[in-house]
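A structural walkthrough
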Amino acid sequence: MEHLPLILAPMAGFTDAPFRLLCRRLGADRTVTEMVSAQAMVYKDRKTAALAKIPEGDDHCTIQLFGHDPVVMGEAAAMLALGDYVGASYAHPPMAIDINMGCPVRKIVTAGDGSALMQNPALCGQIVAAVVRAVRIPVTVKIRAGWDKEHINAEAVAAACVENGAAQIAVHGRTRSQMYAPSSDNGVIRSVRHALPTDVPVIGNGDIRSGADVLAMVEETGCNGIMIGREALGNPWIFAAARAALAGISFAPPTEEEVLRTAMELVTAIVQDKGEEAGVRESRGRAAHFIRGMRGSARMREGLNRALTLSQVQEILQF
Ligand SMILES: Cc1cc2nc3c(=O)[nH]c(=O)nc-3n(C[C@H](O)[C@H](O)[C@H](O)COP(=O)(O)O)c2cc1C
């Protein structure tokens, strides 16, 4: 079987540099940053620039942009692709610029961004064309099934993007109005795969929680790669499990000790990046994903919520 890339999905608030690096180390072939506002990039907002930083080792990282104005998107993409902005920090150049056409969050869609774009395939095409003109690296797109069940138009949007130069389409098999439930529809991913030229990779996304889910996704959709989001948040070993399933070999899950050690490594890296106060505060929600289901996890969570220093977190996450 061809080598199917396993990709960490972009997740705002989670796929920061420390987490991407961790997933890459544990088997993700590629990573995607948190979504970066094109408008804020063009306004030279430094906090936004920090979202796009690429650390040593995160060597197959795509930067995701959101916005709706083709001119602004093109300008922001050029700045990001070249690292031509104050605060740029790339140990590796970005491998691609991805355009967010899937985010369902109200604040984003009311601004006309994210999945709101899918209501206007022609505009989707114009945005891709502007970004393709602005950069020399591949431009990829991430879409949903459509706006709602009356408007499932992933095929049309994907086609408009590809006609304008998109090099890859990732499809999350839910509509905007479904947000995150019920389950993702692999049928939509299959239709997009069938509709596009075979040399344009289609990446399947939605509800991958195990190696078996990966095999089913490939079987049911014919997709050329797999993107994994929520499962990775507390189980970055999912990439190794998925690779093992694709190779038809068994996978030994990590011990609790390894899980806790890895959570602590992540928290430490976040604190290094963001400072102790902000890092520890942010780490509460991050470490909680790792300890879910463990004996004593409720007590650990309570402790994490009270922790103010890295050493307090360390005491809680000790095996
Ligand atoms: C907390 C969170 C943040 C997300 N942020 C983004 C984002 O910034 N850009 C994007 O394209 N998708 C975003 N998504 C959607 C994921 O990339 C993915 O499409 C979705 O979670 C379905 O995949 P999964 O079932 O493997 O989680 C986000 C999802 C979650 C849960």
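Further up the page is the structure itself.
Residues numbered from 1 in each chain as written. Predicted model: local features only at pLDDT ≥ 70, side-chain atom pairs only at ≥ 80, totals over all residues. Heavy atoms only, no water.

What follows is about the environment of Phe239. Position of Phe239 among the secondary structure elements: in helix α11 (residues 238–247). Taking the C-alpha atoms as reference points, Phe239 and Val214, separated by 25 residues in sequence, lie 9.9 Å from one another. Not counting the four nearest positions on each side in its chain, Phe239 is found in contact with Leu6, Ile7, Leu8, Cys23, Leu26, Gly27, Ala28, Ile228 and Ala232. (Helix = DSSP H or I, 4+ residues; strand = E, 2+ residues; numbered from the N terminus. Contact = heavy atoms within 4.5 Å.)

The omega angle of the peptide bond from Ala181 to Pro182 is -5°, so this bond is cis rather than trans. In this model, Lys44 sits at a positive phi of 65°, which is unusual for a non-glycine residue. Turning to its location among the elements, Lys44 is positioned in the loop between α2 (38–42) and α3 (46–51). By relative accessible area, which is 61% here, Lys44 ends up exposed. (Buried < 20%, exposed > 50% of the residue type's maximum accessible area, 1.4 Å probe, protein only.)

Our next topic: the site of the ligand. The environment of the ligand is made up of 17 residues, and the closest members are Pro10, Gln64, Asn205, Asp207 and Arg230. Contact between the ligand and Met35: an oxygen atom at 3.5 Å from a main-chain N or O atom of the residue. In this structure, a nitrogen atom belonging to the ligand sits 2.7 Å away from a side-chain N or O atom of Gln64. Protein coverage of the free-state accessible area of the ligand, which is 610 Å², stands at 89%. Its residues placed into classes, the shell around the ligand shows eight nonpolar, six polar and three charged. (Near = heavy atom within 4 Å. Polar contact = N/O pair within 3.5 Å; in protein donor to acceptor, adjacent residues only side chain to side chain. Areas by Shrake-Rupley, 256 points an atom, 1.4 Å probe, with all protein chains shown as cover. Nonpolar A, V, L, I, M, F, W, Y, C, P; charged D, E, K, R; others polar.)

Under the defined criterion, the tally for this structure stands at 14 salt bridges. Residues Asp58 and Arg20 are paired through a salt bridge, measuring 2.7 Å at the closest nitrogen-oxygen approach. Note that Asp58 is positioned in the loop between α3 and β3 (61–66) and Arg20 in helix α1 (residues 17–25), a separation of 38 residues in sequence. For the pair shown, Asp58 and Arg20 are each scored as buried. Between Arg174 and Asp207 there is a salt bridge, and its shortest N-O distance comes to 2.7 Å. With Arg174 in strand β6 (residues 168–175) and Asp207 in the loop between β7 (202–205) and α9 (211–221), this pair connects stretches of sequence that are 33 residues apart. By sharing partners, the salt bridges in this structure join Asp16, Lys274, Glu282 and Arg286 into a single network. (Salt bridge = Lys/Arg side-chain N within 4 Å of Asp/Glu carboxyl O.)

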